[in-house]
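# A structural walkthrough
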Amino acid sequence: MSPVVWQNLEADLRLQQRRRLARERDADIAVLLTAELGAITLADLLRGSVDEHLTCQVRAPQGSLRIAGRVRAVGSDLVLLDDERTRHAIALAHLCGVEGCRRPPSQEVPITGRLGLAAHLRGLIATRQPCTLMTEHSAEAGLTLAAVGRDWVQVIDGRVLALASVTLISAPRRALDPVSPLHTAAR
């Protein structure tokens, strides 16, 4: 064989090797990307949309309910939506769908982002603001909360509800801010 044929053969083999390595690299990247996306929680996804306008579909007693508003905060188990009049605390466990998530997910979790639904309900207790409370089975307006435990909430009339059954709480703006020395001093 002539030297030109050998050079062409070597060049072809090098090209095949580069293509094989590129396919393997692409396959590795796809596996890593899938694993990376698999680790992102709904809360992480929603944290990327703070200050954005979203529409949330929430499980309600008579089907699903659509609530639109600007995302004010995302906690460990809730998203706070503000529609300029009312602040809605939506339990992530009862969220059916979200429209408008256009920003990339956020893994950054500020201290307030670690607070869950119970912390925001304590804000309602401190201010004695009436709220609308929706569970998987019913919705009641004008309720005042008396106490919140780790996994329960007590209404002023003495009823105790499992926190896991709470789907949505709507109250006047700022009433659902979590209670902390920083928040109470600013009021």
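Cut-off values and rules
- Residues numbered from 1 in each chain as written.
- Predicted model: local features only at pLDDT ≥ 70, side-chain atom pairs only at ≥ 80, totals over all residues.
- Heavy atoms only, no water.
- Helix = DSSP H or I, 4+ residues; strand = E, 2+ residues; numbered from the N terminus.
- Buried < 20%, exposed > 50% of the residue type's maximum accessible area, 1.4 Å probe, protein only.
- Areas by Shrake-Rupley, 256 points an atom, 1.4 Å probe, with all protein chains shown as cover.
- Pairing = 2+ DSSP bridges.
- Axes fitted to C-alpha atoms, helices over the stretch in contact; angles between N-to-C directions.
- Contact = heavy atoms within 4.5 Å.
- Patch = residues over 30% accessible without salt bridge, like charges linked within 9 Å, V, L, I, M, F, W, Y side chains within 5 Å.
- Salt bridge = Lys/Arg side-chain N within 4 Å of Asp/Glu carboxyl O.
- Lys, Arg positive; Asp, Glu negative; His and termini not counted.
- Charge placed at Lys NZ, Arg CZ, Asp CG, Glu CD.
- pLDDT = per-residue confidence, 0-100.

## Examining the overall build of the protein chain
Helix and strand counts for the protein chain come out as four helices and 11 strands. Of all 187 residues assigned to the protein chain, the portion counted as buried reaches 35%. Of the roughly 11100 Å² that the protein chain leaves accessible, carbon and sulfur atoms contribute 56%.

## So, the sheet that holds strand S3 (residues 78-82)
Strand order in this open sheet of eight strands is S5-S1-S2-S3-S4-S11-S6-S7, and the pairing throughout is antiparallel. Each end of this open sheet is capped by a strand with a single partner; those strands are strand S5 (95-99) and strand S7 (139-143). Averaged over all adjacent pairs, the angle separating strand axes in this sheet is 30°, with direction ignored. As judged from the four bridges shared by strand S1 (residues 53-60) and S5, these two strands associate in the antiparallel manner.

## Digging into the side chain of Asp 82
Its place among the elements puts Asp 82 in strand S3. Not counting the four nearest positions on each side in its chain, Asp 82 is found in contact with Gly 69, Arg 70, Arg 72, Arg 87 and Arg 173.

## Quick look at the pairing of strand S4 (residues 86-91)
S4 sits mainly inside the fold: six of its six residues count as buried. Every second residue of S4 is oriented toward a common face, with Thr 86, His 88 and Ile 90 on one face and Arg 87, Ala 89 and Ala 91 on the other, all of them buried. For S3 and S4, the ladder comprises five bridges, and the chain directions are antiparallel. Bridge pairing links Leu 80 to Ala 89 in S4. A loop of three residues connects S3 with S4, the two strands running antiparallel in sequence, and Glu 84 in this loop sits at a positive phi of about 80°. Note: S4 against strand S11 (residues 166-172), five bridges, orientation antiparallel. In the strand pairing of S11, Thr 86 is matched with Pro 172.

## Comments concerning a positive patch on the surface
Together, Arg 14, Arg 18, Arg 19 and Arg 23 make up a positively charged patch on the protein surface. Checked against the element boundaries, Arg 18 lands in helix H1 (residues 3-38).

## Details of the pattern of salt bridges
Where charged atoms from two side chains of opposite charge approach closely, those side chains can pair. As enumerated under the stated definition, the model contains nine salt bridges in all. Across the pair Arg 66 and Glu 99 runs a salt bridge, and its minimum N-O distance is 2.9 Å. Within this pair, whereas Arg 66 is found in strand S2 (residues 63-74), its partner Glu 99 is found in strand S5, the two being separated by 33 residues in sequence. When the shortest N-O distance is used, the salt bridge between Arg 87 and Asp 82 registers 3.0 Å. No difference in accessibility class separates Arg 87 from Asp 82, as the two residues are buried.

## What about the sheet that holds strand S8 (residues 145-148)?
One open sheet holds the three strands; their spatial order is S8-S9-S10, and the pairing between them is antiparallel. Looking along the sheet, the strands with just one partner apiece sit at the ends: S8 and strand S10 (160-162). Sheet twist, expressed as the mean angle between neighbouring strand axes with direction ignored, is 25°. As paired strands, S8 and strand S9 (residues 152-155) are joined by three bridges and run antiparallel to one another. Looking across to S9, one finds that Val 148 is bridged to Val 153. Each of S8 and S9 touches helix H3 (residues 117-127); the most contacted strand, S8, lies at about 145° to it.

## Regarding the confidence of the model for the protein chain
When pLDDT is averaged along the protein chain, the result is 83; 84% of the residues meet or exceed 70. Of the regions scoring below 50 in pLDDT, residues 180-187 engages in six contacts with residues more than four places distant in sequence or in other chains.

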